[in-house]
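The chain contents come next:
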Amino acid sequence: MPQLNENFLKLEKNYLFINIAKKINAYIQESPDKKDSIIRMGIGDVTLPIAQVVVDAVKRGADEMGVKETFRGYEDSGSGYDFLKEAIAGYYHSFGADVRAEEIRISDGAKSDCGNIVDIFGPDNIVLITDPAYPVYVDSNLMSGRRVIYADCTKENGFCAVPDYNVKADLIYLCSPNNPTGAAFTTAQLKAWVDYAKSIGAIIIYDAAYEAFITEPDTPRSIFEIEGARSCAIEICSLSKTAGFTGMRCGYTVIPEELAVTASDGTNVSISALWNRRQGSKFNGVSYPVQCGAAAVFTPEGQQQIKVNLEYYKENARIIGAALDELGIYYTGGKNSPYIWLECPDNMKSWDFFDMLLTQAQVVGTPGAGFGKNGEGFFRLTSFGDRDKTIEAMDRIKKLLAK
């Protein structure tokens, strides 16, 4: 009889957003007349169309696949076409990050890589994750039976965890700008984590999926802007929020050539080589037309066009923040992030606040408790919605909370 990986039994029964969907559906069944008035600001999915320059590039790539002379099958390496990796490396260089094309491996998105990267690390590693956290970091390690410990992100530290040298870990997950809290590390704060990782011999798995939303100075867009990071960090990034690829699926992982770990037999093993081997066995690469579209994102025209959408979402975030300022509600995010992390009023629990917004204002957000113990009493809203609906949602919230 097959044996289960019983680590899966330790997980919450449903993924957070499935629970939210069930609550919404139950409410609609009870109040069908409210169905069309619900405004969803929970899941961080984009709503604006992909830039035209990207669409055109995807079409050209698809056209090439229909001609014998330009048809392409499997990639030789499976790590991504050179034209895309070189474009990404150029993008990193534009804001001072030391990344080389040969250190980049193309994937179908940051979520996959954040979960899959731990395949190359043993089950006995201790994993340090900031709390609150994107659930994938926790779940993917629990599935493999690893011990997970937490670094506290709280109102007191502005939801930017501080390293504790009394705590030892092998792998460290960091996300900046952070999902769910929207908080972003300053250069000094991120340098403290790099120094900590090097001092204890740990590797940082750095999720930079929201770097394109950074607007304030002294807020790094890549961990590789930090001195010393190349010897202790892996960076994972995505085009989902940067360029609206949530339905297209394309991301990338950067592993510096010098990043290595000593194996049990004393040999020095390249982390990049292990990741390449893992991906070669379990992943056949991103489709050629999608990679053509991704490369177009990093052209001058592509950068100009995606900026229009990014500014739209940033303005939505400003509108949300302004409403919360008017109500006197504490929050983080919004300025460098598409997420706004607000403190529930009147010491309400996260799910209670969710129920109140849904039933009394027909607005959906994400309860902070779904992201960890430090998320209790907080709530996440996203700026990825329609402008008019964002304004309407905040008007409803202001009216509800001003009572």
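The coordinates are above.
Residues numbered from 1 in each chain as written. Predicted model: local features only at pLDDT ≥ 70, side-chain atom pairs only at ≥ 80, totals over all residues. Heavy atoms only, no water.

Novice: Would you mind going over the environment of G333 with me for this structure?
Specialist: Along the polypeptide, G333 turns up in strand β11 (residues 331-333). Distance from G333 to M143, taken between C-alpha atoms, is 30 Å for residues 190 residues apart in sequence. (Helix = DSSP H or I, 4+ residues; strand = E, 2+ residues; numbered from the N terminus.)

Novice: In this structure, what is going on with the pattern of salt bridges? I would like to understand it.
Specialist: Between side chains of opposite charge, pairing is possible as soon as their charged atoms come close. For the structure shown, the criterion picks out 19 salt bridges. The residue D98 makes a salt bridge to R230 at a minimum N-O spacing of 3.7 Å. Residue D98 is located in the loop between α3 (82-94) and β2 (104-107), and its partner R230 is located in the loop between β6 (203-207) and β7 (233-238); the two are separated by 132 residues in the primary sequence. Classification of R230 by relative accessible area gives buried; the value is 10%. (Salt bridge = Lys/Arg side-chain N within 4 Å of Asp/Glu carboxyl O. Buried < 20%, exposed > 50% of the residue type's maximum accessible area, 1.4 Å probe, protein only.)

Novice: Is there a simple way to explain the sheet that holds β7 in this structure?
Specialist: Hydrogen bonds between backbone atoms are what pair the strands of a sheet, whose relative direction is either parallel or antiparallel. As summarised here, the arrangement of the seven strands in space is β2-β8-β7-β6-β5-β3-β4, forming an open sheet in which the pairing is mixed. The outermost strands of the open sheet, each flanked by one partner alone, are β2 and β4 (147-152). For this sheet, the mean angle separating the axes of adjacent strands, direction not counted, is 20 degrees. One ladder, built from six bridges, connects strand β3 (residues 126-131) with β4; its direction is parallel. Among the inter-strand pairings, I126 is bridged to a residue of β4, identified as R147. Sitting on the sheet, helix α7 (residues 271-282) touches β2, β6, β7 and β8 (251-254), and the angle it makes with β2 is about 25 degrees. (Pairing = 2+ DSSP bridges. Axes fitted to C-alpha atoms, helices over the stretch in contact; angles between N-to-C directions. Contact = heavy atoms within 4.5 Å.)

Novice: Quick question: what am I supposed to make of the state of the cysteines here?
Specialist: A covalent bond bridging the sulfur atoms of two cysteines is what the word disulfide describes. Counted under the stated rule, the structure contains zero disulfides. C232 forms no disulfide, and the closest cysteine sulfur to it belongs to C114, at a distance of 17 Å. A relative accessible area of 2% places C232 in the buried class. (Disulfide = S-S within 2.5 Å.)

Novice: Sorry if this is basic, but what is going on with the pairing of strand β5 (residues 171-175) here?
Specialist: Consecutive residues of a regular strand have side chains that alternate between opposite faces of the sheet. Among the five residues that make up β5, five are buried, leaving the element largely enclosed by the rest of the structure. Residues L171, Y173 and C175 line one face of β5 and the alternating positions I172 and L174 line the opposite face, and both faces are buried. Bridging between β3 and β5 involves three bridges; their strand directions are parallel. Within the sheet, the bridge partner assigned to I129 lies in β5 and is Y173. Across five bridges, β5 lies against β6 in parallel orientation. Pairing of I172 across the sheet is with I204, part of β6. Considered for its hand, the β-α-β crossover made up of β5, helix α6 (residues 187-200) and β6 is right-handed. (Right-handed = clockwise from strand over helix to strand, strands pointing away.)

Novice: Honestly, unusual backbone geometry in this entry has me stumped. Any pointers?
Specialist: A negative phi angle characterises most non-glycine residues, just as the trans form characterises most peptide bonds. In this structure, the amide linkage connecting S176 to the following residue, P177, adopts the cis form with an omega of -10 degrees. Residue position: P177 is located in the loop between β5 and α6. Between N179 and P180 the backbone carries a cis peptide bond, its omega angle lying at 25 degrees. Relative to the elements of secondary structure, P180 occurs in the loop between β5 and α6. Positioned with a positive phi, F159 is a non-glycine residue whose angle comes to about 60 degrees. Topologically, F159 is positioned in the loop between β4 and β5. Phi angles above zero are rare outside glycine, and N347 is one such case at about 60 degrees. Structurally, N347 is set in the loop between β12 (339-343) and α10 (350-361). A relative accessible area of 76% places N347 in the exposed class.

Honestly, it's all geometry; don't read function into it.
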